[in-house]
Amino acid sequence: MVNIQKFLSDNKSLIIAPAGYGKTHTIVDCLQAYSGNKKVLILTHTHAGIGSLKTKIQKANIPSCKYELDTISSHALELAETYHLNKDDFPPEDSLGELLEYALAVAEKLYCARPIIDVLKSRYDHLIIDEYQDSSLILLSCFCRKQL
C-alpha cells in the first residue's frame, strides 16, 4: 500500500508495478487526498489511458477543478503552439506524425527554459505521468530534466 501523503510530498515519486496492481487507483487516491489550490497535471500516453483514468476519476466524484488530464503528445503540442516563437517552423497539420515529433522536440527545449517552468509551477502543484514506461526517450528527457 502506498502512503499517499508521503507520495505527494516527496520531490519525485515513482510506482513500478505490472498491470492490475493499482497504479491508476493510486492516481485517483492522490487526487482524492490532494488539497492544494492549483491543479494536478496528469499525462498519459494514449487516449485509452485518458478514458480509463477519466472513468475512475468520475466514479470517485473528484471535481475537474482539481486536475487536468491530457496525453503527453497533446500536452507537448499545446506547449509548442503556445510558446514556440516561429510558427512557420511547424510541419503541416496533415502530417500528424511529423508534427507530433516536432512538438515533442520543441517541448523538450521549452521544459529547459526557466520561464516555462515558472508558468507550469504557477498552474500545477503536481505532475503525474501514467504509463511512463511507454514513453519514448525524448519524452522521458522532457519530463525528467525539469519537474514541477
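Analysis parameters
- Residues numbered from 1 in each chain as written.
- Predicted model: local features only at pLDDT ≥ 70, side-chain atom pairs only at ≥ 80, totals over all residues.
- Heavy atoms only, no water.
- Patch = residues over 30% accessible without salt bridge, like charges linked within 9 Å, V, L, I, M, F, W, Y side chains within 5 Å.
- Areas by Shrake-Rupley, 256 points an atom, 1.4 Å probe, with all protein chains shown as cover.
- Salt bridge = Lys/Arg side-chain N within 4 Å of Asp/Glu carboxyl O.
- Lys, Arg positive; Asp, Glu negative; His and termini not counted.
- Charge placed at Lys NZ, Arg CZ, Asp CG, Glu CD.
- Helix = DSSP H or I, 4+ residues; strand = E, 2+ residues; numbered from the N terminus.
- Buried < 20%, exposed > 50% of the residue type's maximum accessible area, 1.4 Å probe, protein only.
- Expected span 1.5 Å × (residues − 1).
- Arc of directions from axis to C-beta.
- Contact = heavy atoms within 4.5 Å.
- Pairing = 2+ DSSP bridges.
- Right-handed = clockwise from strand over helix to strand, strands pointing away.
- Axes fitted to C-alpha atoms, helices over the stretch in contact; angles between N-to-C directions.

*Asks:* Talk me through a negative patch on the surface; I want residue IDs and the actual numbers.
*Replies:* Where like charges cluster on the molecular surface, the negative patch consists of Glu78, Glu81, Glu93 and Asp94. Along the chain, Glu81 turns up in helix H4 (residues 72-83). Residue classification places Glu81 among the partly exposed positions, given a relative accessible area of 40%.

*Asks:* Can you tell me about helix H3 (residues 47-59), naming the residues and giving the values?
*Replies:* Each turn of an α-helix holds 3.6 residues, which means side chains three or four residues apart point in the same direction. With 13 residues, H3 extends 18 Å between its outermost C-alpha atoms, agreeing within 8% with the 18 Å of an ideal straight helix rising 1.5 Å per residue. Within the sequence span of H3, burial applies to Gly49, Ile50, Leu53 and Ile57. All buried residues of H3 lie within an arc of 100° about the axis, which places them on one face of the element. Along H3, exposed side chains directed more than 90 degrees from the buried face belong to His47, Ala48, Thr55, Gln58 and Lys59. Close packing links the buried residues of H3 with helix H2 (23-33), strand S1 (39-44) and strand S2 (67-71). Just downstream of H3 lies Asn61, where phi reads positive at about 55°.

*Asks:* An account of the pairing of S1 is requested, with residue identities and associated values reported.
*Replies:* On a regular strand, one side chain projects to one face of the sheet and the next to the other, so that they alternate. Judged by how many residues are buried, S1 sits mostly within the fold: 5 of 6 residues are covered. Examined bridge by bridge, S1 and strand S3 (residues 124-129) share 5 bridges and lie parallel to one another. Among the inter-strand pairings, Leu43 is bridged to a residue of S3, identified as Ile129. Here S1 runs beside S2; their pairing, made up of 5 bridges, is parallel. Considered in S2, the bridge of Ile42 is made with Leu69. Note on the crossover from S1 through H3 to S2: the handedness is right-handed.

*Asks:* Just give me the short version of the sheet that holds S1, but keep the residues and values in it.
*Replies:* Overall, parallel pairing links the 3 strands, which are arranged S2-S1-S3 in an open sheet. Two strands lie at the open edges of the sheet, namely S2 and S3, each paired on one side alone. Strand-to-strand twist in this sheet, taken as the mean axis angle between neighbours without regard to direction, amounts to 20°. Along the sheet, H2 contacts S1, S2 and S3; its crossing angle with S1, the most-contacted strand, is approximately 170°. Of the strands in this sheet, S1, S2 and S3 touch helix H6 (residues 114-123), which is tilted by about 100° from S3.

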